[in-house]
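Observations on the three-dimensional arrangement
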Amino acid sequence: MTIFGMRRREGNASSTQIAVPSTYFQKHPSVPHLRDQNEYRDLYQKSIENPSEFWSSMATSCLKWDIPFDRVHHGSFDHGDHGWFLGGKLNACYNCVDRHALESPDKLAMLYERDDPEGAPQKITPGCTKGDIVTIYLPNIPEAVVSMLACARIGAVHSVVFAGFSAPSLRDRVDDARSKVLITVDESVRGGKVIQMKNIVEDALTGDEGRKVQCPGLRKVRTSGGMKNVPSGRVIVSQCSSLRRVRKMFCAGDVGWITCHSYLVYTPLVLGITTVVFEGTPTYPSYDRFWQILDRCKASHFYAAPTALRMIRKMRPNGSSIPLERLRVNASIGEPLASNVWQWCYEVFGRKEAHVLDTYFQTETGCHAFSPLAGVTPTKPGTVALPFFGFKPALIDPDSGREIEGDESRGLLVFKQPWPGIARTVWGDHARYLKTYFGGHSGYFTTGDSAYRDRDGCYCILGRVDDVVNVSGHRLSTAEIESTLLDHGAFAEVAVVGIDDQLTGQAISVRLPQEPGRGGQKGARTISKTAYRGNYWSLCSTQEVFLVSDLPKTRSGKIMRRLLRKMLEGERHELGDTSTLLHPAVLSNIIDEVNEQA
Ligand code: WT7
């Protein structure tokens, strides 16, 4: 079996590196911590050659410890028993809130943008006790952040369940975590629509049959009506108005995802940066909403998923007239940022004034594993640039299990040594943790992604190892085919899946959201052929092209190809768990549209 059998045309990753725009330094008085790329490389080298020294110095300079640690790291990949900063004790909430409040009491911690730009804010917080596992089922509102910090403060464990999850998904997560306390809100508002979250919680607790008691371990449910205490400390909730000259970061994700745990809550707050909490959607009440928020909040850093950027690009190809006086960093996460979308982010969205970063990480890494360093290292569109501090990547040949040396090569992406943010177990199933992340190739942490390393040592993520199509023995990465179609420029969104084919084993099936003026299905077929030209996989001609009004996506923007595949395989009534879908109705629309075009 050869997973990475095809040679990759270099076309998707641009061969040129793009320097940090000079406006980066003019827009704000603060300067990056490092001078240049060489200093970055030196520090990176230190971080992987002497990780204990590196992490010890980071941990003492960035955090306030109640009891200093006496050992930096313990454990191995083989045993999966990692421990960090042993003997030390700190309070994450104190580090996020109190110490900044003591230093500069009038500095903003959070800015809250409601779904409706005209609305007024509220202040509320719940309480619980040490050792409890608290399920937080809240939308993107300041109370979600406050609840997380309240847990951290008293030593409770927070399990944040994405607010888009259905009653059964919520119930499973409450039971799985053996949670005693659940914090929710009566209702939330998103894109102008009211979602009755308390009703969903009631369904989760009573079950489908109505009366049966579910989640037996749960002792307390707090809804917005029941929350009374207002937190002490620095958390000031305010509409964007107060425009003090501090750094502000707008991470436009959902607080239930790792991206927001790391880059909406803990990182900005620990560093004393104001974090923007946005409850709504990028498209309501207009497609200018991101520009509007960045302008109102005077945010310097913006972080979003490529799917949101693609959608806005489609609706606002020429950008917006709203100025972005402070925007210096425009970063994306979660999927590949196709070169042409990167270009749009750079030229149109950020007017060549912001450093555009394609960042890579996973829930299991907890923090960036690859990214250009804002303001320091150049960007190379189509790649996630260089490994981040403490990450020592390698590419593995899936057949031999051996490391692939040298550049311009592809393989399974693994990491060779641990870092502080590494996932430390699968809750209640340590054996699964060991098998999933360390079982395949001993001595490595396995990401489950395949990647390409170019001649400059920059990495390009090719997608999940499972997302491959096997056509006549050629194993093709769906992400790569999609990227080519996106780079061609004719379509804003594409999904490629493999379908059974008697002749070739599998064939390629392409889904494209409908766009006016593209000549329908026939036109799309021609365009996809043109886009493939010159690529190795043009030999494996596309079997099917369907135009659909939308693609099935999770709220974090990942296309659920599994559902498309099942639909094509005729398993329309056995799609499995669809609870993470952003718009569940999209499935029946796709089935109708495919039937019409088949
Ligand atoms: C998977 C992790 C971590 C944030 C949100 C998702 C894919 C992530 C990129 C990127 C290509 C990317 C990988 C990874 N991914 N960033 N810049 N380019 N693919 O967290 O749900 O744990 O997903 O997202 O496949 O393994 P997650």
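For the structure, see preceding data.
About the thresholds
Residues numbered from 1 in each chain as written. Predicted model: local features only at pLDDT ≥ 70, side-chain atom pairs only at ≥ 80, totals over all residues. Heavy atoms only, no water. Helix = DSSP H or I, 4+ residues; strand = E, 2+ residues; numbered from the N terminus. Buried < 20%, exposed > 50% of the residue type's maximum accessible area, 1.4 Å probe, protein only. Contact = heavy atoms within 4.5 Å. Areas by Shrake-Rupley, 256 points an atom, 1.4 Å probe, with all protein chains shown as cover. Pairing = 2+ DSSP bridges. Axes fitted to C-alpha atoms, helices over the stretch in contact; angles between N-to-C directions. Salt bridge = Lys/Arg side-chain N within 4 Å of Asp/Glu carboxyl O. Phe/Tyr/Trp six-rings, centres within 6.5 Å; stacked < 30°, edge-to-face > 60°. Near = heavy atom within 4 Å. Polar contact = N/O pair within 3.5 Å; in protein donor to acceptor, adjacent residues only side chain to side chain. Nonpolar A, V, L, I, M, F, W, Y, C, P; charged D, E, K, R; others polar. Patch = residues over 30% accessible without salt bridge, like charges linked within 9 Å, V, L, I, M, F, W, Y side chains within 5 Å. Lys, Arg positive; Asp, Glu negative; His and termini not counted. Charge placed at Lys NZ, Arg CZ, Asp CG, Glu CD. Parallel < 35°, antiparallel > 145°, perpendicular 65-115°, else oblique. Left-handed = near helix turned anticlockwise from the far one by under 90°.

**Things to note about the overall build of the protein chain**
Within the protein chain one finds 16 helices and 23 strands. The buried share among the 598 residues of the protein chain stands at 56%. Considering only contacts in the protein chain between residues 6 or more positions apart, those separated by 24 or more positions represent 71%. Carbon together with sulfur atoms contributes 50% to the accessible area of the protein chain, which is approximately 25800 Å² in total.

**A few points about the sheet that holds strand S15 (residues 393-396)**
Spatially, the four strands line up as an open sheet ordered S15-S16-S17-S18, and their pairing is antiparallel. What marks the edges here is a single partner per strand, and that holds for S15 and strand S18 (459-464). Going from strand to strand, the sheet's axes swing by 45° on average, the running direction of each strand aside. As paired strands, strand S16 (residues 409-415) and strand S17 (residues 445-453) are joined by six bridges and run antiparallel to one another. The residue of S17 that forms the bridge with Gly-411 is Ala-451.

**Focus: the pattern of salt bridges**
Tallied over the entire structure, the rule returns 17 salt bridges. Between Asp-407 and Arg-453 there is a salt bridge, with its nearest N and O atoms 3.0 Å apart. Placement of the pair is Asp-407 in the loop between S15 and S16 and Arg-453 in strand S17, with a sequence separation of 46 residues. The partly exposed category is assigned to Asp-407, whose relative accessible area is 39%. With relative accessibility at 9%, the residue Arg-453 sits in the buried group. When salt bridges that share partners are traced, they join Arg-310, Glu-335, Glu-493 and Lys-553 into one network.

**Let's talk about the packing of aromatic side chains**
Tallying each qualifying case throughout the model produces 36 aromatic pairs. Ring centres of Phe-370 and Tyr-459 lie 4.7 Å apart, and the angle between their planes is 45°; this geometry places the pair in the tilted category. Pair noted here: Phe-370 is in the loop between strand S14 (355-358) and S15 and Tyr-459 is in strand S18, with a separation of 89 residues, a long-range link. Owing to a relative accessible area of 4%, Tyr-459 belongs among the buried residues under this scheme. The rings of Phe-77, Tyr-360, Phe-370, Phe-391, Phe-415, Trp-419, Tyr-433, Tyr-437, Phe-438, Phe-445 and Tyr-459 are connected pair by pair, giving a single aromatic cluster.

**Topic: the site of the ligand**
What surrounds the ligand is a group of 17 residues, the closest being Asp-358, Thr-359, Thr-363, Asp-449 and Arg-464. Pro-336 places a main-chain nitrogen or oxygen 3.4 Å from a nitrogen atom of the ligand. In this structure, an oxygen atom belonging to the ligand sits 2.5 Å away from a side-chain N or O atom of Asp-449. Secondary structure elements with two or more residues in the shell around the ligand: helix H8 (258-270) and S18. Of the residues contributing to the shell around the ligand, the split by class is seven nonpolar, five polar and five charged.

**Examining a negative patch on the surface**
On the surface, a cluster of negative charge is made up of Asp-172, Asp-175, Asp-176 and Asp-577. Examined against the element boundaries, Asp-175 turns out to sit in helix H6 (residues 167-177).

**A word on unusual backbone geometry**
Among all residues save glycine, negative phi is the norm, and among peptide bonds the norm is trans. Cis geometry marks the peptide bond from Tyr-284 to Pro-285, where omega comes out at -5°. Here the phi dihedral of Lys-298 falls at roughly 55°; this positive angle occurs in a residue that is not glycine. Residue Ala-385 is not a glycine yet carries a positive backbone phi of 65°. The residue Ala-385 is located in the loop between S14 and S15 in this model. Ala-385 sits in the buried class, given a relative accessible area of 3%.

**Side note on the packing of H6 against helix H7 (residues 197-206)**
Running from N to C, H6 and H7 cross one another at 60°; their axes reach a closest spacing of 8 Å. When the axis of H6 is compared with that of H7, the two are oblique. For the pair H6 and H7, the crossing hand works out as right-handed. Judged by residue contacts, Ala-167, Leu-170 and Arg-171 of H6 engage Ile-200, Val-201, Asp-203 and Ala-204 from H7.

**Observations regarding the environment of Lys-27**
Position of Lys-27 among the secondary structure elements: in the loop between helix H1 (23-26) and helix H2 (37-49). When its relative accessible area of 12% is taken as the criterion, Lys-27 is described as buried. Ignoring anything within four residues of it in the chain, the contact list for Lys-27 reads Leu-324, Glu-325, Arg-326, Leu-327, Arg-328 and Glu-353. Polar side-chain contacts of Lys-27 include one of 2.8 Å to the backbone oxygen of Leu-327. Side chain to side chain, Lys-27 and Glu-353 meet in a polar contact 2.9 Å long.

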